[in-house]
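Per-entry structural report
As a plain string of letters, each chain reads:
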Number of protein chains: 2
Amino acid sequence: MKSDRDRSVRLLWEPPAEPTRGPKAALSQSRVVEAAIKVADADGIDALTMRRVAETLGNTAMSLYRHVPGKSELLDLMVDAVWGETEPTPKGPWRAGLEFFARQVWAMYRAHPWMLQLTASRRIPGPHAMTRQDAAYAAVSELGLAAEEIVAVVTTVSHFVDGVGRTMADRVQAERETGVSEEDWWDGREALWEHFTPDRLPMMTHIWNSGGFECLLDEFEFGLARVLDGLAVFIESEERPLVRPQACL
Amino acid sequence: MKSDRDRSVRLLWEPPAEPTRGPKAALSQSRVVEAAIKVADADGIDALTMRRVAETLGNTAMSLYRHVPGKSELLDLMVDAVWGETEPTPKGPWRAGLEFFARQVWAMYRAHPWMLQLTASRRIPGPHAMTRQDAAYAAVSELGLAAEEIVAVVTTVSHFVDGVGRTMADRVQAERETGVSEEDWWDGREALWEHFTPDRLPMMTHIWNSGGFECLLDEFEFGLARVLDGLAVFIESEERPLVRPQACL
DNA sequence: CTTAACTGCTTACGTTGTACACTAGGTGTA
DNA sequence: TACACCTAGTGTACAACGTAAGCAGTTAAG
């Protein structure tokens, strides 16, 4: 699962040259990546094994290694390919821009929930991810913010979307693995509800009794509006207090 | 990796009775959980294998199965044990309460970054996690919010903290795996910087040149302040538009 | 003492990523 | 044409993983 990271950089940023000699390749890097994404979409990231990807292509596991250095790099390529499906944030007012960016990322996570499960290790950012990021920064570039404030503002939105996304991704994965919907599953946890007593969990039981868990507000919409409101307070304020980490004071 | 979930509920909520007969156990559930947490803290969640945990206890892998039904349940127990290390949110003004909650969770994630990597599947919430959640809801219970609004407000904070936490956790894991600090590592990616050209990534290069990436604002502090500002706007507004998912209209 | 309950260990199996050595197929040069 | 050389894909093998099954030793209850 290790990987030579400079090799990854080349892999992502410099498309491989076609070889002149030897037999024509039935497979190709993009076909492998495409198949891998399809597997992950269908059955989750845990189902993404080299053998499985090869199988869907009608080949053996080892054949993939002619086109992809290893699984880790395959994941890098998958991530950037998915970023490539999103639209870069267009120019315009900052709030509309950040909202657009957030919705694009959110849509991406909904289409490929496994994306959130493999940002885990230090992954090389690919060109698609980078241009999208760049366009998001551009959305808040005309506000007279300091460079590090631009980064901080976009990062705040990203963190929120990542947070919601992860919860959603977990839910999707669980529903696929168990074959039981979220609601049905919790309904079936009577053994758990027995421990919901007002003395141990007063607020929980209160919310439960008032139906607060039955029909939740849309977590993404609600949270995004709040986050953007909070950023508006910051952006529109006269003096902006900088919060720097200690190392930078 | 599967697990009988009602068994998990009992495991988490109903502490096991001591057996009367048989040899005294050298191991115990809590010792196993404790050792597992230590392994994960030290070397990350990937290093958490049954063999490794057993080794640190001076036993063999299979001995653990006398005290813990399987790895999945061990993870459940670890998660709740770590929640047990946090302080429940005290009563007081809503903003101070939410901030306290956020800081507790943040501190927890910093101490145990692996927590964020294994919320993956549908995990049974344990008593500690639940009481902390309950106390967080209580922080916004006196504001005249609807039950689902209480949930949404706390959830928004959680999502943000989860988002920042994940980024942090990824960084920690990467630093441990590679033995290279974040900064040094990016410095070493010259192959990557070559592709940072103003025509492809105008904002990136601009921010880079103005030093915006060299000394980032504290992501947690900055974002938390914005999120709380945004929630304040919502909480203090006269009429609060409810954002319900379509299914609930 | 006998017996039942319990602890911990040994062995073994299937699944994973992938190293290594191989065959079959194609292009260039002599 | 003949040969050298590269390349695509295969087959086998290995170490590490979670854990099922069964066994040997230990202790308290009857």
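Model, not experiment: these values are computed from the prediction. (Residues numbered from 1 in each chain as written. Chains lettered and ligands numbered in written order. Predicted model: local features only at pLDDT ≥ 70, side-chain atom pairs only at ≥ 80, totals over all residues. Heavy atoms only, no water.)

Okay, helix α2 (residues 29-43) of chain B next. Along an α-helix, residues three or four apart share an orientation, since each turn contains 3.6 residues. All names here are of chain B. Compared with the 21 Å implied by 1.5 Å per residue over 15 residues, the 21 Å span of α2 between its first and last C-alpha is a close match. When we look at burial in α2, the residues that qualify are Q29, V32, V33, A35, A36, I37, V39 and A40. Following α2 by one or two positions, G44 adopts a phi angle in the positive range, close to 90°. (Helix = DSSP H or I, 4+ residues; strand = E, 2+ residues; numbered from the N terminus. Expected span 1.5 Å × (residues − 1). Buried < 20%, exposed > 50% of the residue type's maximum accessible area, 1.4 Å probe, protein only.)

This next bit is on the protein's contact with DNA strand C. Near DNA strand C you find 27 residues, and of these A:Y65, A:K71, B:A26, B:R66 and B:H67 are the closest. What you see for DNA strand C is that sugar and phosphate hold 60% of its atoms within 4 Å of the protein. Measuring from a phosphate oxygen of DNA strand C, one finds a backbone N or O atom of A:M50 at 3.2 Å. Taking A:K71, its side chain carries an N or O atom lying 2.8 Å from a phosphate oxygen of DNA strand C. Grouping the constituent residues of the surface near DNA strand C by class yields twelve nonpolar, nine polar and six charged. (Near = heavy atom within 4 Å. Polar contact = N/O pair within 3.5 Å; in protein donor to acceptor, adjacent residues only side chain to side chain. Nonpolar A, V, L, I, M, F, W, Y, C, P; charged D, E, K, R; others polar.)

This part covers the interface of chain B and chain A. Each side of the interface is counted separately: chain B has 84 residues, and chain A has 83 residues. Across the chain B-chain A interface, the total number found is zero salt bridges. For the interface between chain B and chain A, the tally reads twelve residue pairs in polar contact (both at pLDDT 80 or more). Looking at the side of chain B that touches chain A, the elements that each hand over two or more residues are α1 (5-13), α6 (127-139), α7 (147-178), α8 (182-187), α9 (190-193), α10 (202-209) and α11 (219-236) of chain B. The biggest single contributor to the side of chain B that touches chain A is α7(B), with 22 residues. Taken together, the residues that form the side of chain B that touches chain A break down as 42 nonpolar, 20 polar and 22 charged. (Contact = heavy atoms within 4.5 Å. Salt bridge = Lys/Arg side-chain N within 4 Å of Asp/Glu carboxyl O.)

Our focus in this paragraph is the domain arrangement of chain A. Interfaces are often described in size by the accessible area the parts lose on coming together. Residues and elements named next belong to chain A. Domain annotation of chain A identifies domain 1 (5-15 + 26-82) and domain 2 (89-240). Contacts between the two partners involve 20 residues from domain 1, matched on the other side by 20 residues from domain 2. Both faces combined, the contact of domain 1 with domain 2 buries some 1700 Å², and carbon together with sulfur accounts for 63% of it. When the area that domain 1 buries against domain 2 is broken down by residue, the three leading residues are W13, D80 and V82, summing to 33%. At the boundary of domain 1 and domain 2, one finds zero salt bridges. Taken together, domain 1 and domain 2 are joined by seven residue pairs in polar contact (both at pLDDT 80 or more). The set of elements that each furnish at least two residues to the side of domain 1 that touches domain 2 consists of α1 (5-13), α2 (29-43) and α4 (71-83). (Domains from an automatic or database assignment. Buried area = accessible area lost by both parts, 1.4 Å probe.)

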